[in-house]
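# Inside the fold
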Amino acid sequence: MPTIYTSNFSRVKLLPAEVVPVSIARWPPRTWKGARCIDLAPPVELLRAVKTGKIPIAEYTERYRAHLAKLDPKAVAAKLPPSAGLLCFCPPGFYCHRRFAAEWLEAALGAEIPEYGIGREMLVPAAAAPCTDWTADMLPWRTKCDHCKKSVPSKLGDPSMLCPACGKTFQLEWDRPA
Ligand SMILES: [Zn+2]
Ligand SMILES: [Zn+2]
């Protein structure tokens, strides 16, 4: 079985040389020339429905899980490079199909699929994530601003934080290279 990580397009350069980046986005960046695993990408009609607000996030996640349930995880994994980094656009820790796919593969393969460079403790398990609204919940982590000491929403994987309360910049420590 391959060694699998997850990450996103903007962090792809952090991956070690032996890890082959594999897009699992339905629509990868225009410039993407790398490998793709289309099986793990959300179906077009599902993505359109959620992006246009026709279905709520809860229904999207349920239907994406139903899509996964139709696949054979071992067959999907067998088609990946020996060491693969599964990529979509979302920041690390975001409640999105990348973590759902990773957790689905973890359950089937019995192996951990880490978000590259991010400790497991920083990842809300997708199955337990209380997200009902991407806009409100895309940043479930809060951190204390170095300057004004207010608790502000913070994005995993983005070490430079612009404090929305005081407008000053500070560095987050949890973005550590593995
Ligand atoms: Zn995503
Ligand atoms: Zn501040």
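As shown above, the structure is provided for reference.
For every chain, the first residue of the written sequence is number 1, and numbering continues from 1 along that sequence. Ligands are numbered from 1 and chains lettered from A, in the order in which they are written. Where local features are concerned, this predicted model is filtered to residues with pLDDT of at least 70; where side-chain atom pairs are given and counted, the filter is 80 or more; whole-chain, interface and lining totals use all residues.

Let us look at helix α2 (residues 57-69). Numbering of helices and strands starts at the N terminus; helices are DSSP runs of H or I of at least 4 residues and strands are runs of E of at least 2. What a helix should span is 1.5 Å times the count of its residues minus one. The end-to-end C-alpha distance of α2 is 18 Å, a good match for the 18 Å that 13 residues give at a rise of 1.5 Å each. Those residues of α2 that sit buried are Tyr 60, Thr 61, Tyr 64 and Leu 68. Taken around the axis of α2, the buried residues stretch over an arc of 95°, which confines them to a single face. Residues Ala 58, Glu 62, Ala 66 and Ala 69 are exposed on α2 and point more than 90 degrees away from its buried face. Any pair of residues counts as being in contact when their C-beta atoms, constructed from backbone geometry, are within 7 Å of one another. Looking at the packing, one finds that the buried side of α2 touches α1 (44-51) and α4 (97-109). Residue burial here comes from a neighbour count, namely the number of other C-beta atoms, placed from the backbone, that lie within 10 Å of the residue's own C-beta, with 20 or more meaning buried, 12 or fewer meaning exposed, and in between meaning partly exposed. This arc is built from the directions going out from the helix axis to the C-beta atoms.

As a rule of thumb, soluble globular proteins bury nonpolar side chains together. One finds Ile 4, Ile 24, Leu 86 and Ala 101 to be the most contacted residues of the largest nonpolar core, which totals 27 residues. Mapped onto this core, the elements with two or more residues apiece are β1 (3-8), α2, β4 (83-88) and α4. With residues near it in sequence (within four places) discarded, Leu 86 still touches Ile 4, Thr 6, Val 22, Ile 24, Cys 37, Leu 40, Arg 98, Ala 101 and Ala 102. A set of buried residues qualifies as a nonpolar core if it consists of Ala, Val, Leu, Ile, Met, Phe, Trp, Tyr and Cys joined through C-beta atoms within 7 Å.

Let us now look at α4. The terminal C-alpha atoms of α4 lie 18 Å apart, and with 13 residues this matches the ideal 18 Å at 1.5 Å per residue to within 8%. Of the positions making up α4, those classed as buried are His 97, Arg 98, Arg 99, Phe 100, Ala 101, Ala 102, Trp 104 and Leu 105. Tucked into the core, α4 has its buried residues touching β1, α2, α3 (73-78) and β4. Just downstream of α4, Gly 110 is the residue with a positive phi angle, here 65°.

Pairing analysis gives four bridges linking strand β2 (residues 20-23) to β4, with the strands arranged parallel. Across the sheet, Val 22 pairs through a bridge with Leu 86, a residue of β4. Strand pairing is defined by DSSP finding a minimum of two bridges between the two strands. With two bridges joining them, β2 and strand β3 (residues 35-36) adopt parallel strand pairing. Note on β3: the bridge partner recorded for Val 22 is Ala 35.

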